[in-house]
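# Structure at a glance
Residues per chain, in single letters:
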Amino acid sequence: MSGHVDHEVGPNGTDITSSSSHNNTENLPYVHKVGVPLKQNLLKEFIATLKETFLAVDPMRRLKDQTLSRKLLLLCQNIFPILEWGREYNFSKFRGDFIAGLTIASLCIPQDIAYAKLAHLDPQFGLYSSFVPPLIYAVMGSSRDMAIGPVAVVSLLLATLLGDKIDPVKKKAEYQRLTFTATFFAGITQFTLGVFRLGFLIDFLSHAAIVGFMAGAAITIAIQQLKRLLGIKQILKKTDIVSVMKLVTSSAHHGWNWQTILIGVSFLALLLFTKYIGKKNKKLFWVPAVAPLISVIISTLLVFITHADKHGVKIVDEIKQGINPSSIHEIYFEDRANLVKGFRIGVVVGMIALTEAVAIGRTFAAMKDYQLDGNKEMVALGTMNIVGSMTSCYVATGSFSRTAVNYRSGCNTAVSNIVMSFVVLLTLKVITPLFHYTPDVILASIIISAVIGFIDFNAMIFIWKIDKFDFVACMGAFFGVVFISVEIGLLIAVCISFAKIILQVTRPRTAVLGKIPRTGVYRNTQHFPEASKDPGVLIVRVESAIYFSNSNYVKEKILRWLTDEEEQLKQNNQPKIQFLIVEMSSVSDIDTSGIHALEELYRSLHKKDIQLALANPGQGVIDKLHASESPNLVGEDKIFLTVADAVLTCSPRLERA
């Protein structure tokens, strides 16, 4: 690094590239100097921070330098993406969307009926939720692939949370009203998060926690369906595996129905077999997609022909015919107690539904190489659930199984959702009476076959290999859902996710650096055992921002590194440490507590006749260091651009010492 360096004068007159002038007299090698930063405008800095936090993807960027009419058009396209891609829509795209729409409709109709039952609602409410919400989403959503409708996890969560407040059998009307109220507030939650660009909040639920929660929910749902699979008529409010298994075993001698078991197990085996075929041969994706509807048709005919309903096989009975009735008058706007209940349940359910939908949307957007605006998705999902709550729907979101089928069926746009909605409309207007003899157990078989895919063993193994703490979060959520309840499992998942964040913030990693042979690169000596330490110099890297929550720990950790190093040098009769260099390239920010910690570190080292040097501080850090006048304490000549510069400057001093 020695040799001539061209001079470059910064805006404030500071020489930011010349060698330290006071070192010239000592004939030291030239090193680059960290210049004094320009003072930032406080208001501009504050606005920039807010913009980066809430408008990382600026929705108004396209409106710049446009005419008023063009701005209005772009604004409308931003709110209603269909106005943008609809201009390029053609018959070729419609053909793919039409086939995809018919395919997902054949899957969604039996699933909707089954999921409504899972949510302790009448079957028609599941169909209602696959009619209105997909139409709203097709107009406002930005995902080309996501199929909208009721899903198993949200249905279970609603049933659990609502069932704790109101009995779904004895107070059926009140239960339905509270469902619409919760759906309304789920939509409000999603819409608010999208409008105020607060989508980053859903990222606090880690991927590992979601994997565990979904697997636990799958087990819970499947175990709950054992009652229907075995023909047990007794109702159980609790969802944990122990309570359900107690009910199943206690009913073994008098509560099981062999006809129900025969139908349920036979069609469950058929559904699982079709799933296996679909996985083995991707071209046969349509086989597991149409299998549920075919199973419903065949089982309905069997019950009708054999009169199995008169031998203990429970049937769906009546599904109300007609399109969605208005339910705006049923939302608890005036009943404050139930309004609060609906709000609390809606916020929780809305967040979970949102997390699932955004994850699905991003997954399939990546597969087709297009960008998905998470905040725009939240607005679309929120709007459809607000409208849905007023049209007799319960919480709808993106369904992974249906979206996968939609994708493989060759969908091009959200028109596939419109096609599906019209098929559901036709079903509500004409076909619902044909479901009268549909056995209840076939719905249980459909649910079990659908949720088995939520148990992702490969993801769990991957999490175990990568991060053991993540695996603890995953298993905490899993066992919480399975052995306690859905809401407790969710709470455990959130708490462990936050615990990990807190642990990482309060206990950041530090490392001792050494020089890689034949290079000027300094790396962690634990990762690179061949890296050598410079005599009399200890280099420590801090791998996190330094805040009030970790500043004391960082200071004490650096001093512990120093103590360990000194003990080792003493044992080997080597020269003691004279310089401690703190490598700060990974320190993204520092607050007043962090600066105080550095000052305390300087004083502790000064008592030991050890000099402190800082290497490679970022702009945000160097701004605050100069604002606090810390360079006056440490010495401006002790702040370096790189570790190599710091070592280069310290080495001649060590030789003189």
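In what follows, the accompanying structure is described. (Residues numbered from 1 in each chain as written. Predicted model: local features only at pLDDT ≥ 70, side-chain atom pairs only at ≥ 80, totals over all residues. Heavy atoms only, no water.)

### Some thoughts on the overall build of the protein
From N to C terminus, the protein includes 26 helices and eight strands. When contacts within the protein are restricted to residue pairs at least 6 apart in sequence, those whose partners lie at least 24 apart make up 79%. Entry remark: accessible area of the protein is about 31800 Å², with carbon and sulfur atoms responsible for 61%. (Helix = DSSP H or I, 4+ residues; strand = E, 2+ residues; numbered from the N terminus. Contact = heavy atoms within 4.5 Å. Areas by Shrake-Rupley, 256 points an atom, 1.4 Å probe, with all protein chains shown as cover.)

### What about the pairing of strand 7 (residues 611-615)?
Along strand 7, four of the five residues are buried, which leaves the element largely enclosed by surrounding structure. In this sheet, strand 7 lies alongside strand 6 (residues 579-583) in parallel orientation, the contact comprising five bridges. Bridging from a neighbouring strand, Phe579 pairs with Gln611 of strand 7. In terms of strand pairing, strand 7 meets strand 8 (residues 639-640) through two bridges, oriented parallel. Counterpart to Leu614 in the pairing with strand 8 is Ile639. (Buried < 20%, exposed > 50% of the residue type's maximum accessible area, 1.4 Å probe, protein only. Pairing = 2+ DSSP bridges.)

### Details of the sheet that holds strand 5 (residues 537-542)
Spatially, 4-3-5-6-7-8 is the arrangement adopted by the six strands of the open sheet, whose pairing is mixed. Strands with a single pairing partner mark the edges of an open sheet, and in this sheet they are strand 4 (522-524) and strand 8. Two elements, strand 3 (residues 510-515) and strand 4, share three bridges in a ladder whose sense is antiparallel. Across the sheet, residue Lys515 finds its bridge partner in strand 4, namely Tyr522. The strands touched by helix 22 (residues 551-571) within the sheet are strand 3, strand 5 and strand 6, with strand 5 carrying the most contacts at an inclination of about 150°. (Axes fitted to C-alpha atoms, helices over the stretch in contact; angles between N-to-C directions.)

### Comments concerning the side chain of Gln124
Secondary-structure assignment places Gln124 in helix 6 (residues 123-128). Residue classification places Gln124 among the buried positions, given a relative accessible area of 7%. When residues no more than four places from it in sequence are discounted, the contact partners of Gln124 are Ile319 and Lys320.

### Digging into unusual backbone geometry
For Arg518, which is not glycine, the phi torsion reads 65° and is therefore positive. Mapped onto the fold, Arg518 is located in the loop between strand 3 and strand 4. Look at Asn616: it is not a glycine, yet its phi comes out positive at around 55°. According to the relative accessible area criterion, Asn616 is partly exposed, its value standing at 30%.

### Structural notes on the pattern of salt bridges
Following the criterion strictly, the structure yields 10 salt bridges and no others. Asp440 is paired through a salt bridge with Arg228; the nearest N and O atoms lie 3.2 Å apart. Here Arg228 lies in helix 10 (residues 207-229) and Asp440 lies in helix 18 (residues 440-451), a separation of 212 residues in the sequence. Taking the relative accessible area as the measure of exposure, Asp440 reaches 8% and is therefore buried. Residue Arg228 is classed as buried on the basis of its relative accessible area of 15%. Lys533 serves as the salt-bridge partner of Glu565, at 2.9 Å between the closest nitrogen and oxygen. With Glu565 in helix 22 and Lys533 in the loop between strand 4 and strand 5, this pair connects stretches of sequence that are 32 residues apart. Exposure remark for Glu565: the relative accessible area of 10% places this residue in the buried category. Salt bridges here are not isolated pairs; linked through shared partners, they connect Asp467, Asp470 and Lys500. (Salt bridge = Lys/Arg side-chain N within 4 Å of Asp/Glu carboxyl O.)

Interpretation note: all reported values are geometric properties and have no functional meaning in isolation.
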